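What follows is each chain in one-letter form.
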Amino acid sequence: MPSGGAEVESYTSRTDLEESSIAIPQHPYGVRPTGNKYTATSNAKDFVGTFQLFPDEIIAIFLEYLDSADLRNLGSDDVWKALFIESKQSQGGSFIWRRSWRSTLLGLSNTHTSQIQCDNVFSDVLYRPFLCTHTPLLPYTSNIPAKNSITRLGNLTPEEFSESWSDKPFILTEPVREWPVFRSWDTESLMERYGDVKFRAEAVDWSLDTYSHYMWNSSDESPLYLFDRSFVEKMNLKVGKNEKDASYWIPECFGEDLFAVLGDKRPDDKWLIIGPARSGSTYHKDPNATSAWNAVLRGSKYWIMFPSNSSSPPPPGVYVSEDQSEVTSPLSIAEWLLGFHAEARKTPGCVEGVCGEGEVLHVPSGWWHLVVNLDASIAITQNFVPKAHLSNVLSFLRDKPNQVSGFKKEVLDPYGVFVEGMERYYPDLLNQAFEDLKKQAEGRKRKWDIAVGKEEEANGGGGFSFGFADDSDEEVPTKVCPNFLDVSSISIAFPITIIILFVLLPSSIARPRGRCGALLASWNSISHTPHQNPKYRPPRRKGRTYITTPESNTTPRKHSSTLSISKASAPPSSTSYTHILRVVLESHNNIPSWRIF
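Residues numbered from 1 in each chain as written. Predicted model: local features only at pLDDT ≥ 70, side-chain atom pairs only at ≥ 80, totals over all residues. Heavy atoms only, no water.

Colleague: Whenever I open this one, helix 11 (residues 208-216) confuses me. Can you help?
Modeller: One turn of the α-helix equals 3.6 residues, which is why residues spaced by three or four share an orientation. Among the residues making up helix 11, those that are buried are Leu208, Thr210, Tyr211, Ser212, Tyr214 and Met215. Where the residues of helix 11 are buried, they touch helix 5 (101-106), helix 10 (187-194), strand 3 (198-201), strand 4 (204-207), strand 5 (226-228) and strand 6 (270-275). (Buried < 20%, exposed > 50% of the residue type's maximum accessible area, 1.4 Å probe, protein only. Helix = DSSP H or I, 4+ residues; strand = E, 2+ residues; numbered from the N terminus. Contact = heavy atoms within 4.5 Å.)

Colleague: What is the right way to look at the packing of aromatic side chains in this model?
Modeller: Any pair of aromatic rings gets described here by the distance separating the centres and the angle formed by the planes. Within the structure shown, the criterion is met by 28 aromatic pairs. Considering the side-chain rings of tryptophan 179 and tyrosine 248, the 5.2 Å spacing of their centres and the 50 degrees angle between planes classify their relative orientation as tilted. Of this pair, tryptophan 179 sits in the loop between strand 2 (170-172) and helix 9 (180-184) while tyrosine 248 sits in the loop between helix 12 (231-234) and strand 6, and the two are 69 residues apart along the sequence. With respect to burial, tryptophan 179 and tyrosine 248 carry one shared label: buried. With a centroid separation of 5.5 Å and an interplanar angle of 10 degrees, the aromatic rings of phenylalanine 227 and tryptophan 271 are classed as stacked. A residue pair is termed long-range when its members are at least 10 positions apart, and phenylalanine 227 in strand 5 and tryptophan 271 in strand 6 qualify at 44 residues. (Phe/Tyr/Trp six-rings, centres within 6.5 Å; stacked < 30°, edge-to-face > 60°.)

Colleague: Looking at this model, I keep getting lost on the nonpolar core. Mind explaining?
Modeller: Side chains that are nonpolar tend, in soluble globular proteins, to be buried together. By size, the foremost hydrophobic cluster in this structure holds 49 residues, and its most contacted members are Trp179 and Trp185. Here this core takes five residues from helix 3 (residues 77-85), the largest share from any one element. Excluding its chain neighbours within four sequence positions, the residues that come into contact with tryptophan 185 are Leu190, Met235, Leu237, Leu272, Leu297, Arg298, Ile378 and Ile380. (Core = buried A, V, L, I, M, F, W, Y, C linked by side-chain atoms within 4.5 Å.)

Colleague: Help me understand unusual backbone geometry, please; the structure alone is not making it clear to me.
Modeller: Most peptide bonds take the trans form, and the phi angle of most residues other than glycine is negative. The backbone of glutamate 202 sits at a positive phi, close to 60 degrees, despite the residue not being glycine. Topologically, glutamate 202 is positioned in the loop between strand 3 and strand 4. Residue classification places glutamate 202 among the buried positions, given a relative accessible area of 15%. Positive phi values are uncommon outside glycine, yet asparagine 236 reaches one of about 55 degrees. For asparagine 236, the location among the structural elements is in the loop between helix 12 and strand 6. The class of asparagine 236 is exposed, set by a relative accessible area of 69%.

Colleague: Explain the pattern of salt bridges here, please?
Modeller: Between side chains of opposite charge, a pair can form when the charged atoms approach closely. Per the stated rule, a full pass over the model turns up 13 salt bridges. Between lysine 45 and aspartate 56 there is a salt bridge, with its nearest N and O atoms 2.8 Å apart. Highlighted residues: lysine 45 in the segment before helix 1 (56-63) and aspartate 56 in helix 1, separated in sequence by eleven residues. Put simply, aspartate 269 and lysine 270 hold a salt bridge, and the shortest N to O gap is 3.2 Å. (Salt bridge = Lys/Arg side-chain N within 4 Å of Asp/Glu carboxyl O.)

Shown next as structure tokens:
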């Protein structure tokens, strides 16, 4: 039995976390879902001229080509968010939050804020962000099936962790309660001591005082998440159990962090996390194949996780590029919960749980995970390399150099520097990891050889053949040519050709690039269920793509999500909107009609 006694009973949600299950409130501007137009006497879209021919999704794409002056006239708070984040006011880090991005940028008080009524506007594109903002989390984060529950333990020894738990998520309820910061930190105490200190909140650097005002007065669908990698220096903290006046220390069960051999060349590894309810991170894996622990000091977090291996697909609603450098998922956590949570709970390997105050959760190397704050929370997280996953990290650094992140720019060869450090401090562990990698490579090669039939050929058996007799240069006899090349088999070839042209070929449109490519992909996804199409995302919302490169991912992928609205490159000044419409219309000709309307 793990140290710390018997397994702790499953976490029970506190009453103060419960959210009302009443109906979604009315949209502040009166916008309603599209279906309401069928019983309405007036529809605003009837007055937009030619644009009423286009679905709202395409009109939203047109708007990406407008400049900031035109966009300001439209009044969308998402647009104002992008404008404010790029403003000098935001970059200064200290300002007064006025409940909305528009009011904050323009310095408007509540009495000067216009109230536009759009009772005759019916659009899922405009209404869905509001729906996601007000969707209660409790139905999705409670009543966790027993088979899905993350194991809860009191504590573990380093030996127990290394032998039995390094590949499994779990929650420990005892170690964090010993930390001085657990007893002394809350929002008020941090504001009092560090209110003027600037911290990184995704794409901006704001003072803690400014962020606190935003956190308590924001109604964003995806609130900004304070995620600072330099908090130890900024707050003058001492880390380590043997340090005098230590603020906190790594839970002992996780053992030695092998990235420590890099000294000051190690990648970013620890972060302070503060955020309001509903803030969090969509699906990701931790950087550089590392493991992680996440300790909650105030509040609570809901986690849902999936193992990652060659035989299992990514979580429902998540699309991963072939080299795993790009991850596309729904725009917000609430949108994923609405569209995919029920399916995810039924997916083999799914585990989920709530990590409360004074508890720490372990994230194994390579596991997919989504996390959302159930209320305002403060947490500390750290990535590390345990002995059990040394070979995974070595393989990642060596084989995926374009996805390595967090290292300083002067570290040109992270893999070489890490191997050099391991040779100096842990040569035996390094040799064992190399042996493990060699065995893995041999295993993959053996599977490939079996697939192509080389083993059968070596034994004189009839292995896999392309049907071209031997490997000599002699003319291939007609009788061994593939049947579909034989004129006599035209009756078979014709229906096969039809299937390829009308079934397989249209499916290849699922991954086009560029603006029109995104449009085609969205139409293609509508004709599939989430399970059938891994790139599916709920209709009428634009998905989010994370691109992992050394330049764009200097912090862990889990917090590299774009929080400002990405501004599309404007077309040349000579490009008219008529030309844009023509390009989009012409792109429709590349899609079978049944996939458009």
